[in-house]
Amino acid sequence: MVSQNSSRGNSNFNTECAFGNAIKELKISQLLKASNITKARGASAYEVFQFLLIMVFQRCNLYHFLNSKKKDTACDDNTYYRFLNEGRFNWKKFILLLSTRVAAYMSTLTSRDRVKCLVLDDSVIARNRAKKVELLSTVFNHVIGKCERGFNLLLLGW
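Counting restarts for each chain, with residues numbered from 1 along the sequence as it is written. Totals for whole chains, interfaces and linings use all residues, but because this is a predicted model, local features are given only for residues with pLDDT of at least 70 and pairs of side-chain atoms are given and counted only at 80 or more. Excluding hydrogens and water, the side-chain values take into account all heavy atoms of the structure.

Draft legend 1. Molecular detail of the pairing of strand β3 (residues 146-157). Two strands qualify as a pair provided that DSSP identifies no fewer than 2 bridges between them. Helix and strand assignments follow DSSP, with helices taken as H or I runs no shorter than four residues and strands as E runs no shorter than two, numbered in order from the N terminus. Relative to β3, strand β1 (residues 119-126) runs antiparallel, the two sharing eight bridges. Paired with Ser123 across the two strands is Leu153, which belongs to β3. In the sheet, strand β2 (residues 137-141) pairs with β3 via five bridges, with the strands oriented antiparallel. For Phe140, the partnering residue across the bridge sits in β3 and is Cys147. Linking β2 to β3, which pair antiparallel, is a turn of four residues; within it Gly145 sits at a positive phi near 80 degrees.

Okay, here's the thing in structure tokens:
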């Protein structure tokens, strides 16, 4: 769905087009509505979600983007923070519906004889010497059996 080949010079343009096509093909707007993720006014929930998703895959921080010269293309910063912290949005249902749709889409790309499975890995990236790192937390490492400072790395493979 998202191609890794860069045919144009602008990688931001390629990322936006690739994710725009993937979001349309997976019908993300329907999944957002089914999960009670809606907004009453202003930019739609679909536009806000698409912007945040593109920001993640471009490895851009929301804070730095909103303080850059490109901030005129985005909504107000409170819009994004309220969107992410809204209590009535059912994010678990959205992730379940999205994973079901992605699995169904991926199964059409493989033969029926092939064994299909999802591999889930929740590794810990240890940062014991760090103190002032964004999103740093104390996480339980199942491998060594104790808590340490770091990040949870959640991977899902097909």
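Draft legend 2. View of the sheet that holds β3. On the basis of which strands lie adjacent, the open sheet formed by three strands has the order β1-β3-β2 and antiparallel pairing. Across the chains shown, the open sheet's two edge strands, defined by having one partner strand only, are β1 and β2. On average, each strand axis in the sheet is inclined to that of its neighbour by 55 degrees, with strand direction left out of account. Lines are fitted to the C-alpha atoms to define the axes, a helix being fitted only along its stretch in contact, and any angle between axes, read from their N-to-C directions, falls within 0 to 180 degrees.

Draft legend 3. How the structure looks around a nonpolar patch on the surface. Two distance rules govern patches: like charges are joined within 9 Å, and nonpolar side chains (Val, Leu, Ile, Met, Phe, Trp, Tyr) within 5 Å, applied only to residues with over 30% relative accessible area and no salt bridge. A 1.4 Å probe and the Shrake-Rupley method give the accessible areas. Residues count as covered only by the protein chains that appear here. In the sections that follow, a salt bridge refers to a side-chain nitrogen of Lys or Arg positioned within 4 Å of a carboxyl oxygen of Asp or Glu. Taken together, the side chains of Leu118, Leu120, Leu154, Leu156 and Trp158 define a hydrophobic patch exposed on the protein surface, amounting to about 570 Å² of accessible area. Counting through the fold element by element, Leu156 comes out in strand β3.

Draft legend 4. Fine view of helix α5 (residues 77-85). Think of it in three bands: residues with accessible area under 20% of the maximum for their type are buried, residues over 50% are exposed, and the middle band is partly exposed, with areas taken using a 1.4 Å probe on protein chains only. Of the positions making up α5, those classed as buried are Thr79, Tyr80 and Phe83. Buried residues of α5, seen end-on, are gathered within an arc of 95 degrees and therefore sit on one face of the element. In α5, those exposed residues whose orientation departs by more than 90 degrees from the buried face are Arg82 and Asn85. The arc refers to the directions leading from the helix axis to the C-beta atoms.

Spatial relationships are all this shows, so hold off on functional conclusions.
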